[in-house]
Amino acid sequence: MADKDVDKLRQTHENDRHWQLRRQFLINNWELYEEPQLVSLSMVWSNVYFDGCVYQPELMARVKEMSAGIDKAYENNDKS
């Protein structure tokens, strides 16, 4: 995967901090999902961690597993 492949997925409304964390989510899972599904899951993750959204338990568990380690980066960035 080339950086430009991931970078084309940035949304115009995303600030740098949100994009860097969602970008890492995409990179971490790039080989596991087709792009449309991965983008959707990354948006779910973003909605959960940045906006406090709640989804069905199975989906919440799935994105939590997919985001292993990223939530710590979010917490560390939030404290600085």
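Criteria and thresholds
- Residues numbered from 1 in each chain as written.
- Predicted model: local features only at pLDDT ≥ 70, side-chain atom pairs only at ≥ 80, totals over all residues.
- Heavy atoms only, no water.
- Helix = DSSP H or I, 4+ residues; strand = E, 2+ residues; numbered from the N terminus.
- Buried < 20%, exposed > 50% of the residue type's maximum accessible area, 1.4 Å probe, protein only.
- Areas by Shrake-Rupley, 256 points an atom, 1.4 Å probe, with all protein chains shown as cover.
- Phe/Tyr/Trp six-rings, centres within 6.5 Å; stacked < 30°, edge-to-face > 60°.
- Core = buried A, V, L, I, M, F, W, Y, C linked by side-chain atoms within 4.5 Å.
- Contact = heavy atoms within 4.5 Å.
- Salt bridge = Lys/Arg side-chain N within 4 Å of Asp/Glu carboxyl O.

- In the annotation of an unreviewed UniProt entry, the entry for the chain reads XRN2-binding (XTBD) domain-containing protein, and the organism field reads Stichopus japonicus.

1. Looking at the overall build of the chain
Stage number 1. A count of helices and strands for the chain gives five helices and zero strands.
Stage number 2. The order of α-helices and β-strands along the chain, N terminus first, is α-α-α-α-α.
Stage number 3. By residue count, 31% of the 80 residues in the chain fall in the buried class.
Stage number 4. In the form shown here, the chain has an accessible surface area of approximately 5,200 Å², with 47% of it arising from carbon and sulfur atoms.

2. Focus on the packing of aromatic side chains
Stage number 1. Applying the stated criterion across every chain, the model contains three aromatic pairs.
Stage number 2. Between Trp45 and Tyr49, the aromatic rings sit 5.1 Å apart at their centres with planes inclined by 35°, giving tilted as the arrangement. In this pair, Trp45 and Tyr49 are both assigned in helix H3 (residues 35-51), four residues apart and thus about one turn of the helix distant.
Stage number 3. You can call Trp45 buried: its relative accessible area is 0%.
Stage number 4. Here the aromatic rings of Trp45 and Phe50 are separated by 5.6 Å at their centres, their planes lie at 80°, and the arrangement is edge-to-face. For the pair shown, Trp45 and Phe50 are each scored as buried.
Stage number 5. Each residue in the set Phe25, Trp45, Tyr49 and Phe50 is aromatic and connected to the rest through ring pairs, giving one cluster.

3. Things to note about the nonpolar core
A general trend in soluble globular proteins is that nonpolar side chains are found buried together.
Stage number 1. Core analysis: the biggest nonpolar cluster contains 17 residues, and Leu9, Phe25, Leu26, Leu38 and Trp45 have the highest contact counts within it.
Stage number 2. Every element with two or more residues in this core is listed here: helix H2 (16-29), H3 and helix H4 (57-66).
Stage number 3. Of the residues forming this core, the biggest block, seven residues, is contributed by H3.
Stage number 4. Setting aside chain neighbours within four positions, we find Phe25 in contact with Leu38, Leu41, Ser42, Trp45, Val63, Met66, Ser67 and Ile70.

4. So, the pattern of salt bridges
Stage number 1. On inspection of all chains with the given rule, the structure shows four salt bridges.
Stage number 2. In this structure, Lys8 and Glu35 form a salt bridge, with 3.7 Å as the shortest nitrogen-oxygen distance. With Lys8 in the loop between helix H1 (3-7) and H2 and Glu35 in helix H3, this residue pair connects regions lying 27 residues apart in the sequence.
Stage number 3. On the accessibility criterion, Glu35 (32% relative accessible area) is partly exposed.
Stage number 4. A salt bridge links Glu14 to Arg22; the shortest N-O distance between them is 2.6 Å.

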